[in-house]
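# Overview (structure and organization)
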Amino acid sequence: MAHTMRCDNGFQGPSRRSFIAGTGSILGAVALGGLSPAARAATSTTISDAAVVPALVIGTGYAGCVTALRLAQAGVDVHMIEMGMAWDTPGADGKIFANTTTPDQRSFWLRTRTKQPLSNFLGFPIDKDIPRYTGILDAEEFSGITVYQGRGVGGGSLVNGGMAVTPRREFFGEVLPTVNPDEMYNVYYPRANAELGVTMIDPAWFDTAECYQYARVGCKHAQRSGFPFVYVPNVYDWNYMRQEAAGTVPKSALAGEILYGNNYGKKSLQKTYLPKIRATGRVTISPLHRVTSVVPASGGYTVTMEQLDTAGTTIATKAVTAARVFFAAGSVGTSKLLVKLKSTGALPNLNGEVGKGWGDNGNVMCGRANHMWDPTGSLQSSIPTAGIDNWAAGGAFAEVAPLPTGIETYASFYLSITRTPSRAEFSWNAAAGRVDLSWQTAWKQTSITAAKSIFDKINAKEGTIYRTDLFGVYKIWGDHLTYHPLGGAVLNKATDNYGRLHGYPGLYVMDGALIPGTTTVNPFVTITALAERNIEKIIATDL
Ligand code: FAE
């Protein structure tokens, strides 16, 4: 029998008005997806060696898509360079993306063994060998932390949970202290929510859907301990999920698809910004091209890139001239490039803030073992839609995450975003020829403490304990990773207050590297809104 509850709509998710606008924009994007032949030609070819282009965007995630769309709409021809694959062609199983329960070569970026965020189940390791391939999820290992990132046209939108959260306005000063909140909350957050198609689950359906029993159990336990429980907006198509539940369409969220891509239902950038970008006819996208260098040249900058095959081998090197270069390679990708280019003398005038101010958004995971009378369900939607908002009292916002194993686990699983003071720095390791990150595992302790402020209390109230079998043998906390890298080229420090890199006119940072380590909630709406703000200013004043 479903437990009936009322969660707060605590977040400034989309209003009814922006919901309608968002839906309209999706339909508009789909309609525009029928391209003219000229537009198709413009998007099907990759960039040529020795090309001279007005604008080059490195990366095709949220910031890269916002940048390319707005530049193209302003009449600028744009070339987007993406190290990952296009993800537009089905594999041997007829699907573009692999399932979370059966990872294969499509699942990981150039690894011969999976590196799943939950490494163990019932104490047993669950990773397995796979062929080395330019797969979709990169588990990039630095000393002390593994940073998960999406690889491919669409960036992180291909692999993420779709949780589309606007930070509470009272905490915005912690997120972007030099940005005017009025313009963000009046203009750019609504614009981002509308373009991304952000909507809220229907509470009546949440209350009864079998696939959200795990979230209802999470809600019940949180509320019994006095914690505010909130619905969290998402970009998943809820009507599609209802049809999945009814068995009338192919399953995606209800088949455990998430970390390695969703074949249906999730409105990734492939269904929002990218069709609009293609419809302009002004944008070329080059997948499997990795930028390695940017140096000043007459007419702008020489951008060097490697073209990769699906084994990750360089099959060609191209050098193009771009009048303007927009770094949108993600917090880690942009920071690594800038630190290397400054340290190796390619861009020596970048200032000393480059590489600094990097944080993990306080990510920490844990599971709780419930009593037998509190099953969480063998069918779990892979799309999280609710969380515990204890930011004001304890510095933690915990999303109730699924464990879509297909069997009853009696486990509640959480990804907490926490307030943490630790910030790391990227530096060039000349001997090894790579960029290192100064993160220390012990820095996660503040995050664990913040998360414990919620879960110790719930465990005491419910008479339950932590799961110790998910991250190793007798290990409670998933404190080895982040899904939310932020910072490394912080706004108004490494750049001016709109992302223009100091020292190099025509070079811009657009992505999560601008945000100094925290968004207090899941980050992609803020990354999208900030990019919308910055590119509007850049187009108005620099072009
Ligand atoms: P991103 O989306 O990472 O795009 C950067 C792109 O640049 C990528 O496609 C790279 O492959 C490409 N690139 C990097 N280096 C190069 C190079 N040298 N040359 C060419 N291309 C390059 O950046 N956030 C939420 O708000 N809600 C969620 O529910 C959520 N869940 C997540 C779950 C997982 C498993 C992961 C990994 C992340 C999740 N995130 C979530 C984080 C979110 O996806 C991330 O903050 C954004 O994708 C970052 O956007 P950017 O535009 O900064």
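As the structure is a prediction and not an experimental result, all values here were calculated from the model.

Analysis parameters
Position labels on residues start from 1 in each chain and follow its written sequence. In keeping with the model being predicted, local features are shown solely for residues with a pLDDT of at least 70 and side-chain atom pairs are shown and tallied solely at 80 or more, while totals for entire chains, interfaces and linings include all residues. Processing note: side-chain calculations cover all non-hydrogen atoms of the structure and skip hydrogens and water entirely. Put simply, DSSP H or I for four residues or longer makes a helix, DSSP E for two residues or longer makes a strand, and each gets a number counted from the N terminus. Note on classification: 1.4 Å probe, protein chains only; a residue is buried when its accessible area is under 20% of the maximum for its type, exposed when over 50%, partly exposed between these limits. Here a pair means two rings of Phe, Tyr or Trp (six-membered ring of Trp) with centres within 6.5 Å. Their orientation is stacked below 30 degrees between planes, edge-to-face above 60, and tilted elsewhere. Nonpolar cores are built from buried Ala, Val, Leu, Ile, Met, Phe, Trp, Tyr and Cys residues. Side-chain atoms within 4.5 Å join them into one set. When checking whether two residues touch, look at their non-hydrogen atoms; a contact exists if any pair is within 4.5 Å. Salt bridges are defined by distance alone: a side-chain nitrogen of Lys or Arg within 4 Å of a carboxyl oxygen of Asp or Glu. UniProt positions are given in the numbering used here, feature names are shortened, and annotations may be inferred rather than shown by experiment. Two residue types count as positive, namely Lys and Arg, and two as negative, namely Asp and Glu; His and chain ends fall outside the count. By definition, two strands form a pair when at least two bridges between them are found by DSSP. Here the term right-handed applies to a crossover when the path leading from its first strand over the helix to its second strand runs clockwise, the strands being oriented away from the viewer. The rule for a residue being near a molecule or strand is that one of its heavy atoms must lie within 4 Å of it. The term polar contact refers here to a pair of N or O atoms within 3.5 Å; inside protein, the definition further demands a hydrogen-donor-capable atom paired with an acceptor-capable atom, and it admits residues adjacent in sequence only when both atoms are side-chain atoms. Computed with a 1.4 Å probe, the accessible areas rest on the Shrake-Rupley method; for each residue, only the protein chains presented here act as cover. Three classes are used, and their members are as follows: Ala, Val, Leu, Ile, Met, Phe, Trp, Tyr, Cys and Pro are nonpolar, Asp, Glu, Lys and Arg are charged, and the others, Gly among them, are polar. Axes here mean lines fitted to C-alpha atoms, for a helix over just the part in contact, with angles spanning 0 to 180 degrees between N-to-C directions. By definition in this entry, angles of less than 35 degrees are roughly parallel, angles greater than 145 are roughly antiparallel, angles of 65 to 115 are roughly perpendicular, and the rest are oblique. In this scheme, a crossing is called left-handed if the near helix is turned counterclockwise away from the far one by less than a right angle; it is called right-handed if the turn is clockwise.

Summing up its helical and strand segments, the chain has 13 helices and 20 strands in all. Once the C-alpha set of the chain is aligned to its principal axes, its extents read approximately 70 × 50 × 50 Å. The buried share of the chain, reckoned over its 543 residues, is 59%.

Per the counting criterion, the structure on display carries 22 aromatic pairs. Seen in terms of ring centroids, Tyr185 and Tyr189 are 4.8 Å apart; in terms of plane orientation they differ by 50 degrees. Their pairing is tilted. One end of the pair, Tyr185, and the other, Tyr189, are both in helix α5 (residues 181–196), four residues apart, so they sit about a helical turn from each other. Per residue, the accessibility class of Tyr185 equals that of Tyr189, and both read buried. Among the aromatic residues, ring-to-ring pairing joins Trp205, Phe206, Tyr212, Tyr214, Tyr231 and Trp238 into one connected group.

Okay, the nonpolar core next. The biggest cluster of nonpolar side chains holds 89 residues, and the ones touching the most others in it are Leu56, Val294, Val325 and Phe327. Beyond its immediate stretch of four places on either side in the chain, Phe327 contacts Ile58, Val294, Thr334, Leu337, Leu338, Leu341, Leu501, Leu507, Tyr508, Val509, Met510 and Asp511. Counting 68 residues, the second largest nonpolar core, distinct from the first, contains Tyr214, Ala222, Phe229 and Ala450.

Tallied over the full model, the rule gives 28 salt bridges. A salt bridge links Lys444 to Asp360; the nearest nitrogen and oxygen atoms lie 2.6 Å apart. Placement of the pair is Lys444 in the loop between β17 (434–437) and α12 (445–462) and Asp360 in the loop between α10 (330–343) and β12 (364–369), with a sequence separation of 84 residues. For the pair shown, Lys444 and Asp360 are each scored as buried. A salt bridge links Asp456 to Lys452, with the shortest nitrogen-to-oxygen separation between them at 3.2 Å. Of this pair, Asp456 and Lys452 both sit in helix α12, four residues apart, which is roughly one turn of the helix. Accessibility expressed as a relative area gives 32% for Lys452, which makes it partly exposed.

This part is about the UniProt feature "domain: Glucose-methanol-choline oxidoreductase C-terminal" (unreviewed entry) in the chain. What UniProt calls "domain: Glucose-methanol-choline oxidoreductase C-terminal" (unreviewed entry) maps, in this numbering, to residues 482–531. Annotated as residues 482–531, this span is 16% helix and 8% strand, and its ends, taken at the C-alpha atoms, are 22 Å apart.

Glancing now at the side chain of Glu244. Along the chain, Glu244 turns up in helix α8 (residues 238–246). Among buried Asp, Glu, Lys and Arg side chains, Glu244 stands out as unpaired, with Lys251 the closest opposite charge at 6.9 Å. Excluding residues within four positions of it along the chain, Glu244 makes contact with Tyr236, Val249, Pro250, Lys251, Ser252, Ala253 and Leu254.

Our focus in this paragraph is the environment of Lys537. Inspection of the secondary structure puts Lys537 in helix α13 (residues 524–542). Considered as a pair, Lys537 and Ile448 are 89 residues apart in the sequence and their alpha carbons are 39 Å apart. If sequence neighbours within four positions are ignored, Lys537 has contacts with Tyr498, Arg500 and Asp542.

For the rest of this paragraph, the subject is the pairing of strand β10 (residues 300–308). Where strand β9 (residues 289–297) lies against β10, eight bridges are found, and the strand directions are antiparallel. Following the sheet pairing, Val294 is matched in β10 by Val303. Pairing analysis gives eight bridges linking β10 to strand β11 (residues 314–327), with the strands arranged antiparallel. Along β11, the bridge assignment pairs Tyr301 with Ala322. Here β10 folds back onto β11 in antiparallel fashion, the turn holding five residues, of which Gly312 has a positive phi close to 90 degrees.

To continue, consider the pairing of strand β1 (residues 52–58). The buried fraction of β1 amounts to five of the seven residues, a majority that puts the element mostly inside the structure. Sheet topology note: the β1/strand β2 (residues 78–81) ladder contains four bridges and is parallel. Among the inter-strand pairings, Leu56 is bridged to a residue of β2, identified as His79. Crossover handedness for the path β1 to helix α3 (residues 62–73) to β2: right-handed.

Turning our eyes to something else, we now look at the site of the ligand. What surrounds the ligand is a group of 37 residues, the closest being Glu82, Gly156, Met163, Val291 and Phe524. Here Arg151 contributes a side-chain N or O atom positioned 3.2 Å from an oxygen atom of the ligand. If the ligand stood free it would expose 1000 Å²; the protein chains cover 95% of that surface. Listed by contribution, the elements that provide at least two residues to the shell around the ligand are α3, β6 (145–150), β9, α10 and α13. In the shell around the ligand, the residues fall into 17 nonpolar, 16 polar and four charged.

What follows is about the sheet that holds strand β15 (residues 411–418). Ordered in space as β7-β13-β14-β15-β12-β18, the six strands form an open sheet in which the pairing is antiparallel. At either end of the open sheet lies a strand with only one pairing partner, and these are β7 (229–231) and β18 (465–466). Alignment of strand β13 (residues 386–390) against strand β14 (residues 396–401), held across four bridges, turns out to be antiparallel. By the bridge assignment for β14, Ile388 is matched with Ala398.

Direction vectors running N to C along α3 and α13 enclose 30 degrees, while the axes themselves pass 9 Å from each other. Relative to α13, the element α3 lies roughly parallel. Every pair of crossing elements has a handedness; the one defined by α3 and α13 is right-handed. Where α3 approaches α13, its residues Tyr62, Ala63, Val66, Thr67, Arg70 and Leu71 are matched on the opposing element by Phe524, Ile527, Thr528, Ala531, Glu532, Ile535 and Ile539. The residue makeup of the contact of α3 with α13, split by class, is nine nonpolar, two polar and two charged.

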